[in-house]
Amino acid sequence: MDLIRYEQHGNIAYVTLNRPSALNAFNYEMLRELWDIAESIRINPEIRVVIFTGAGEKSFSVGADLKERKTLTDQQVKRNIYKIGEVFSAIENLPQPTIAMLNGYAFGGGTELALACDFRIAADDIQLGLTETSLAIIPGAGGTQRLPRLIGEAKAMELILTAKRLKADEAFAYGLLTKVTSRETLISETESFAALMLANGPIALQQAKFAIKHGMNADLQTGLHIERKAYELTIPTEDRVEALKAFSEKRKPEFKGR
């Protein structure tokens, strides 16, 4: 059985962590599969939005596979930490917008994968959190860096140092989640959110994401330069001409990603 299930419907890629019997915990082989899929998505021009979720109804992912971890040497543990960080960075740097659809528990690396995505939409009955300090380790797949950038240093410090497990409404109040919905409407709400982006120019989506991501880590003047260069890449596109034509003809544009 594939440890990562991949499907494409229209312009949406669905990536499902597929170890439900292990609550979708990450072992090394699973990380290798996830890396390969992320790289294939990166170069696929037909994919405009990516949705990550977990198999089964209990868990998005509870993080590292602790049963595997007990059998590893210190060197192998370092290998796994490097790999999970590398994979989540690859996901964060995908040109397409990404959504974590949280359908169950998301602890440790599960929350870190969600943080590597652009948006997080959760069922209202889930729990999540960076719980690593309760295991005498720290978040090692980007959690100590992405969480404070998302919700601020003080709040991130609180959640990481207390290993607090948050209910969905608490996580939303902290600013960790984009949206909370019922379990019954989780898929439809996530796809509706994706549809809002799919209605827009795919090249523009990617360039806007690029400008925001790279501009946030630069001073304002550098960020404005990044924005200008990203804008310039949209000028010669067929989609920009189509948008102007559709506006004058009072119809919806048909974007081709060209």
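The text that follows walks through the structure, step by step, so that each part is easy to find.

What counts, and where the lines are drawn
Residues numbered from 1 in each chain as written. Predicted model: local features only at pLDDT ≥ 70, side-chain atom pairs only at ≥ 80, totals over all residues. Heavy atoms only, no water. Helix = DSSP H or I, 4+ residues; strand = E, 2+ residues; numbered from the N terminus. Expected span 1.5 Å × (residues − 1). Buried < 20%, exposed > 50% of the residue type's maximum accessible area, 1.4 Å probe, protein only. Phe/Tyr/Trp six-rings, centres within 6.5 Å; stacked < 30°, edge-to-face > 60°. Core = buried A, V, L, I, M, F, W, Y, C linked by side-chain atoms within 4.5 Å. Pairing = 2+ DSSP bridges. Polar contact = N/O pair within 3.5 Å; in protein donor to acceptor, adjacent residues only side chain to side chain. Axes fitted to C-alpha atoms, helices over the stretch in contact; angles between N-to-C directions. Parallel < 35°, antiparallel > 145°, perpendicular 65-115°, else oblique. Left-handed = near helix turned anticlockwise from the far one by under 90°. Contact = heavy atoms within 4.5 Å.

### A closer look at helix α9 (residues 202–215)
- Over its 14 residues, α9 runs 20 Å from end to end, which matches the ideal 20 Å to within 8%, given 1.5 Å per residue.
- All of the buried residues along α9 are P202, L205, Q207, K209, A211 and G215.

### Things to note about the packing of aromatic side chains
- Scanning the model with the defined rule gives three aromatic pairs in all.
- Aromatic side chains F26 and F88 sit 5.6 Å apart centroid to centroid with 70° between the ring planes, which places their arrangement in the edge-to-face category. Of this pair, F26 sits in the loop between β2 (12–17) and α1 (28–42) while F88 sits in helix α3 (residues 74–92), and the two are 62 residues apart along the sequence. Residue F26 shares its accessibility class with F88, and that shared class is buried.
- Between the aromatic rings of Y105 and F107, the centroid separation amounts to 5.5 Å while the plane-to-plane angle is 25°, which identifies the pairing as stacked.
- Y105 sits in the partly exposed class, given a relative accessible area of 36%.

### Digging into the nonpolar core
- Grouped together as the largest cluster of nonpolar side chains are 58 residues, with contacts concentrated most on F26, L34, F88, I91, L102, L147 and L176.
- Counting residues per element, this core draws most heavily on α1, at six residues.

### Comments concerning the sheet that holds strand β4 (residues 59–61)
- Reading across from one edge, β4-β6-β8-β9 is the order of the four strands in this open sheet, with mixed pairing throughout. Looking at which strands have only one partner, the edges of the open sheet turn out to be β4 and β9 (166–167).

### A few points about the side chain of N18
- As for its position among the elements, N18 is in the loop between β2 and α1.
- Polar side-chain contacts of N18 include one of 2.9 Å to the backbone oxygen of D2.

### Here's the deal with helix α4 (residues 109–116)
- Most of α4 sits inside the fold, with eight of its eight residues counted as buried.
- Among all positions in α4, only G109, G110, T111, E112, L113, A114, L115 and A116 are buried.

### Points about the environment of A208
- For A208, the position within the fold is in helix α9.
- Owing to a relative accessible area of 40%, A208 belongs among the partly exposed residues under this scheme.
- C-alpha separation for the pair A208 and P95, spaced 113 residues apart in sequence, amounts to 9.7 Å.

### Concerning the packing of α4 against helix α5 (residues 143–151)
- Following both chains from N to C, one finds α4 and α5 inclined at 50°, their axes separated by 10 Å at the closest point. When the axes of α4 and α5 are compared, the pair comes out oblique. For α4 against α5, the interelement crossing comes out left-handed. Taken together, the residues of α5 that come into contact with α4 (itself represented by E112, L115 and A116) are G143, R146, L147 and L150.

### Here's the deal with the sheet that holds strand β3 (residues 49–54)
- Judged by pairing direction, the sheet is mixed, and its six strands sit side by side in the order β1-β2-β3-β5-β7-β10 without closing on themselves. At either end of the open sheet lies a strand with only one pairing partner, and these are β1 (4–9) and β10 (179–181). Along the sheet, successive strands turn relative to each other by an average axial angle of 20°, direction set aside.
- By the bridge criterion, three bridges tie β3 to strand β5 (residues 98–102) in an arrangement that is parallel. The residue of β5 that forms the bridge with I51 is I99.

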